[in-house]
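Per-entry structural report
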Amino acid sequence: MFKKLFINAIRLFLVASISFLAGGAIAAPTKAAFIYIGPTGDMGWTYQHDVGANYVKKHMGDDVEITTVESVEEGPDAERVMAQLANKGNEIIFTTSFGYMNPTLKAAKRFPNVKFEHATGYKRADNVSTYSARFYEGRHVIGKIAGKMTKSNVIGYIASFPIPEVIRGINASYLAAKSVNPDIQMKIVWVFSWFDPGKEADAAKAMIDQGADIIMQHTDSTAAMMMAEENGIYAFGQASDMGAFGPRAQLTAIIDDWGPYYLQRVRAVRDGTWESADTFDGVREGMVGFSPLSDQLPADVRAMALQAIGELAAGTLHPFTGPVNKQDGSPWLADGETPPMFPDLLTMDFYVEGIDSKIPQ
């Protein structure tokens, strides 16, 4: 018995040795880290990034080791977390909030052998890529739905910070709503936070008190959706499907699908093909999607929304198509003209004509 076990052990050793010599040592898993601005339980922005991280794990299995850090404040604390993750051997670090931009660049300079991916930013380096989604395409669709579904002609919009990404969304929503309802008004409340359920709920209530019967948001919690459900009005999910928190309120949700992108970039690190790049994908590429349209939508509104989604997917529709003026009445886009990505879209710092509000400084 002992002799048989000994012979089997020798055979296994020889097989392992031959495998090692033929194919080299078994590669260690690629270490990838994700830094989140909020908790994964926000059911919005951070939740959807975490869905993307889990997508990578699902497809790469033992070939990847994932680390996530939740609720990291923008600023110096973010750079400290990045440095800790780099020192622990992470080969690629995804920083998933606009305010991580400068900390990402600083950390990348300290750790030139680590790859960094910054979401929604515009500053790159040899080891820093940027990526974002054309969320304004989703805003175009929900803007059209809102313009058709409102009875009061007042749409409420909860805004986080006055950065180009948020301003683009406000403008796209307003222009789309206005295109199907010339009487539309938009009430905007800035909460200066990505995730603060209390502030978001207060903002929703304030807009409802001003006559809004549809709520949009560029913040991360489900507070506005729950407030809409409680008050019998409509809302749209942000970044994730929030229908469970407003089954009657949610008309649809804009879905941020990060998984395929994350998988591609982690695999590129593993394969040695990663290069610094800028990615700005939308409905056509599948990075922007939608939850099922509500059964409460009339047939014509549903058809209108599906047509817009189809045209965005085909690349035949641009949410910013002239004629469009700036808020002060000065011309921006001529008839049929669309704006360049840079500087017009990526640095957008103005409202379009018709929005009765001021951008905070």
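Numbering of residues starts from 1 in each chain and follows the order in which that chain's sequence is written. Given that the model is predicted, a residue must reach a pLDDT of at least 70 before its local features are reported, and side-chain atom pairs must reach 80 or more before they are shown or counted; all residues, however, enter totals for whole chains, interfaces and linings. Heavy atoms from the whole structure form the basis of all side-chain values; hydrogens and water molecules are not counted.

On to the sheet that holds strand E5 (residues 128–133). Two modes of strand pairing occur in sheets, parallel and antiparallel, and in both the strands are linked by backbone hydrogen bonds. Two strands form a pair only when DSSP identifies at least two bridges running between them. Helix numbers and strand numbers start at the N terminus; a helix is a DSSP run of H or I with at least 4 residues, a strand a run of E with at least 2. Reading across from one edge, E2-E1-E3-E4-E5-E11 is the order of the six strands in this open sheet, with parallel pairing throughout. The open sheet has two edge strands, strand E2 (64–69) and strand E11 (278–281), and neither has a second partner. Direction aside, the axes of adjacent strands within the sheet are offset by 15 degrees on average. Direction of pairing for strand E3 (residues 92–95) relative to strand E4 (residues 115–119): parallel, over a ladder of four bridges. What sits directly across from Ile-93, in E4, is Phe-116. An axis is simply a line fitted to the C-alpha atoms; with a helix, the fit covers only the stretch in contact. Between two such axes, the angle follows the N-to-C directions and lies from 0 to 180 degrees.

Considering the arrangement of structural elements, one finds Ser-240 in the loop between strand E9 (234–239) and strand E10 (250–256). Within the structure, Ser-240 has its side chain in polar contact with the backbone oxygen of Gly-44 (distance 2.9 Å). It only takes one pair of heavy atoms within 4.5 Å for two residues to be counted as in contact. Look past the residues within four positions of Ser-240 in its chain and what remains in contact with it is Met-43, Gly-44, Tyr-47, Gln-48, Ala-253, Ile-254 and Ile-255. Two N or O atoms form a polar contact when they lie within 3.5 Å of each other; inside protein one atom must be a possible hydrogen donor and the other a possible acceptor, and for residues adjacent in sequence the pair counts only when both atoms belong to side chains.

Here the focus is the layout of surface pockets. Only protein atoms enter the 1 Å grid, on which a cavity is a set of points fitting a 1.4 Å probe that cannot get out and a pocket is an open set with protein on both sides within 12 Å along at least 5 of 7 lines, lining residues being those with an atom within 4 Å of a point. Grid points are joined across faces, edges and corners, and a volume is the space filled by probe spheres set on the points. Size it by volume and the largest pocket reaches roughly 300 Å³. Lining the largest pocket we find 16 residues, and of these Leu-175, Ser-179, Thr-321, Pro-323 and Val-324 sit closest to its centre. For the lining of the largest pocket, the secondary structure elements donating two or more residues are helix H5 (135–149), helix H6 (164–180) and strand E13 (324–325). Among the elements that line the lining of the largest pocket, the one with the most residues is H6, at five residues. Put simply, Ala, Val, Leu, Ile, Met, Phe, Trp, Tyr, Cys and Pro go in the nonpolar bin, Asp, Glu, Lys and Arg in the charged bin, and everything else, Gly too, in the polar bin. Here the residues of the lining of the largest pocket are counted per class, giving eight nonpolar, five polar and three charged. What lines the second largest pocket is a set of 15 residues, among which Thr-120, Gly-121, Tyr-122, Asp-278 and Leu-346 lie closest to the centre.

Salt bridge, as used here: a side-chain nitrogen of Lys or Arg that lies within 4 Å of a carboxyl oxygen of Asp or Glu. What the rule picks out here adds up to 10 salt bridges. Where Glu-137 meets Arg-134, a salt bridge forms, and the shortest distance between an N and an O atom there is 2.8 Å. For every residue, the accessible area obtained with a 1.4 Å probe (protein chains only) is divided by the maximum for its type, and the residue is called buried under 20%, exposed over 50%, and partly exposed between those limits. A relative accessible area of 13% places Arg-134 in the buried class. Residue Lys-205 is joined to Asp-209 by a salt bridge in which the shortest nitrogen-to-oxygen separation is 3.2 Å. Of this pair, Lys-205 and Asp-209 both sit in helix H7 (residues 197–209), four residues apart, which is roughly one turn of the helix.

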